[in-house]
Amino acid sequence: METGTSYFGVRDVDHVETDLDRFADEGLDAVLHTFSERDRAYYTGTMTDIVEASHDRGFETYVNPWAVGRVFGGEALSEFVGKHPDACQVLSTGERIPAACFNAPAFREYMRGWTRDAAGIGADVLFWDEPHWFIASWHDEEYPEDAWACRCEHCQAAYEDEYGESMPDEQTDQVTAFREDALLDFLDEMMTLTHEEGAENAVCLLPSEDADHGLSDWERLAANDALDVLATDPYWAIHAPDEAGEFVGYFTDLVASLAEEYDKRSQIWIQGFRLDGSDATIEDVHTATRTVVESDVDSVFMWGYDACRIISDIACEDPEAVWNAYVDELPE
């Protein structure tokens, strides 16, 4: 079983090498490096060195679009949404919001450039992390409960081309299907380009089988020839408190079965952020990790390294205990 962690926030190669050596000593053999808009603009050469250092230690190396366009997971800001307001999503209320639209030509072009650059720094796998349309509950601002995105001019034109009628302002079943189709079309384009650039693709879906959080039909993604690794991140403390084993077990079985059916590799992520330091919580980390290790899944990672202790907003209360609980359950 491949075992790894996400890694972020450090761009001094000397310090990165120290951490990578420790990860190897702890038994890990894979790492995910975040590649944000800031990294792409200012640290591409540095990231090449970091990826090379990872390869020197035998790590399978993943790279992800950390919060790029604010439509992937991650604690990073997006310059794209500030520079390209016309490429941002529009709520059903008519309000433009700070998240790029998957149908906007400018964002497609930006992501083609990001894909080439991410593969170019030496990534083995590009990790498409929680791709999603705007989710109002994730943001501090208040939005109407029934508001949805996107109704920008690009989406309305594509909808009319597809269905021969104007896009309604309510979220009908047809609108939901359109949103899901558009997300899959975006992923297909980027994953195809990734293969052309010599890297593999992993897609990490949010652990929710509905189009509001990504995809309702995971099988459609699993069947895509450009997909190499099907992943999800069943962070139980967010979605199912006190049900770590059951929640992680359900999505582990789902990913493993789809991956086996479509000849893909499978991957599960363990929560290592926003956890309290109680004995029960630490035991949940043990339980979740053990559930994955004892399954047929090919790969297990934690988000993120050292239980996110360097990001105060999401750090665990006892990061050392959380990290050790994860590492202690990994196969030797």
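Residues numbered from 1 in each chain as written. Predicted model: local features only at pLDDT ≥ 70, side-chain atom pairs only at ≥ 80, totals over all residues. Heavy atoms only, no water.

Draft legend 1. Representation of the overall build of the chain. Within the chain, the regular secondary structure consists of twelve helices and ten strands. A compact globule built from 332 residues should have a C-alpha radius of gyration of about 20 Å, and the chain, at 19 Å, falls within 12% of that. Across its three principal directions, the C-alpha atoms of the chain cover 60 × 45 × 40 Å. Long-range contacts, defined here as pairs at least 24 residues apart, represent 74% of the contacts in the chain between residues at least 6 apart. As presented, the chain carries roughly 13800 Å² of accessible surface, and 41% of it is formed by carbon and sulfur atoms. Here the chain holds 19 positive side-chain charges and 75 negative ones, and the gap between their average locations is 7 Å. (Helix = DSSP H or I, 4+ residues; strand = E, 2+ residues; numbered from the N terminus. Rg over C-alpha atoms; globule rule 2.2 N^0.38 Å. Contact = heavy atoms within 4.5 Å. Areas by Shrake-Rupley, 256 points an atom, 1.4 Å probe, with all protein chains shown as cover. Lys, Arg positive; Asp, Glu negative; His and termini not counted. Charge placed at Lys NZ, Arg CZ, Asp CG, Glu CD.)

Draft legend 2. Representation of the sheet that holds strand β1 (residues 2-7) in the model. On the basis of which strands lie adjacent, the closed barrel formed by eight strands has the order β1-β2-β3-β6-β7-β8-β9-β10 and parallel pairing. The average undirected angle you get between the axes of adjacent strands in this sheet is 25 degrees. Strand direction decides the pairing type here: strand β3 (residues 60-64) and strand β6 (residues 125-129), joined by two bridges, are parallel. Bridging from a neighbouring strand, Val63 pairs with Leu126 of β6. In the packing of helix α1 (residues 13-25) onto the sheet, the strands contacted are β1 and β2 (30-34), and the crossing angle to β1 comes to about 155 degrees. Seen against the sheet, helix α3 (residues 44-56) touches β2 and β3 and runs at an angle of roughly 175 degrees to β2. (Pairing = 2+ DSSP bridges. Axes fitted to C-alpha atoms, helices over the stretch in contact; angles between N-to-C directions.)

Draft legend 3. Region of interest: the nonpolar core. In this structure, Phe107, Met111, Trp114, Trp128, Leu221 and Tyr326 are the most contacted members of the largest nonpolar core, which totals 119 residues. Not counting the four nearest positions on each side in its chain, Phe107 is found in contact with Val68, Gly69, Val71, Phe72, Phe80, Ala100, Cys101, Phe102 and Phe186. (Core = buried A, V, L, I, M, F, W, Y, C linked by side-chain atoms within 4.5 Å. Buried < 20%, exposed > 50% of the residue type's maximum accessible area, 1.4 Å probe, protein only.)

Draft legend 4. Quick look at the environment of Trp138. Relative to the assigned elements, Trp138 resides in the loop between β6 and α6 (153-163). When its relative accessible area of 43% is taken as the criterion, Trp138 is described as partly exposed. Leaving out residues up to four positions away in the same chain, Trp138 has contacts with Glu130, His132 and Leu206.

Draft legend 5. Representation of the packing of α6 against helix α7 (residues 173-196) within the structure. Running from N to C, α6 and α7 cross one another at 110 degrees; their axes reach a closest spacing of 11 Å. Here α6 is positioned roughly perpendicular relative to α7, judged by the angle of their axes. On α7, the residues that touch Cys155, Ala158, Tyr159 and Tyr163 of α6 are Gln174, Val175, Ala177, Phe178 and Asp181. When its residues are assigned to classes, the contact of α6 with α7 shows seven nonpolar, one polar and one charged. (Parallel < 35°, antiparallel > 145°, perpendicular 65-115°, else oblique. Nonpolar A, V, L, I, M, F, W, Y, C, P; charged D, E, K, R; others polar.)

Draft legend 6. Looking closely at the pattern of salt bridges. A full pass over the atoms with the stated rule returns 19 salt bridges. Note that Arg112 and Glu109 form a salt bridge whose closest N and O atoms lie 2.8 Å from each other. Here Glu109 and Arg112 lie together in helix α5 (residues 105-120), a separation of three residues that amounts to about one turn. Residue Asp212 is joined to Arg179 by a salt bridge in which the shortest nitrogen-to-oxygen separation is 3.4 Å. Residue Asp212 is located in the loop between β7 (200-205) and α8 (218-222), and its partner Arg179 is located in helix α7; the two are separated by 33 residues in the primary sequence. Here Asp212 falls in the partly exposed class, since its relative accessible area comes to 37%. The network of salt bridges with common partners includes Asp19, Arg22, Glu26, Asp306 and Arg309. (Salt bridge = Lys/Arg side-chain N within 4 Å of Asp/Glu carboxyl O.)

Draft legend 7. Geometry of the packing of aromatic side chains. This structure, assessed with the given rule, holds 30 aromatic pairs. Aromatic pair Phe107 and Phe186: ring centres 5.9 Å apart, planes at 5 degrees, arrangement stacked. You can see Phe107 sitting in helix α5 and its partner Phe186 sitting in helix α7, a full 79 residues away along the chain. What links up through ring pairs into an aromatic cluster is the set Tyr7, Phe8, Phe23, Tyr62, Trp66, Phe127, Trp269, Phe301, Trp303, Tyr305, Trp323 and Tyr326. (Phe/Tyr/Trp six-rings, centres within 6.5 Å; stacked < 30°, edge-to-face > 60°.)

Draft legend 8. Structural context of the packing of helix α11 (residues 279-293) against helix α12 (residues 319-329). Taken N-terminus to C-terminus, the directions of α11 and α12 make an angle of 25 degrees; their axes are 8 Å apart at the nearest point. Classed by the angle they form, the pair α11 and α12 counts as roughly parallel. Both α11 and α12 take part in a crossing whose hand is right-handed. Here Ile282, Val285, His286, Thr289, Arg290 and Val293 of α11 lie close against α12, whose contacting residues are Ala321, Val322, Ala325, Tyr326, Asp328 and Glu329. Among the residues forming the contact of α11 with α12, the class breakdown is seven nonpolar, two polar and three charged. (Left-handed = near helix turned anticlockwise from the far one by under 90°.)

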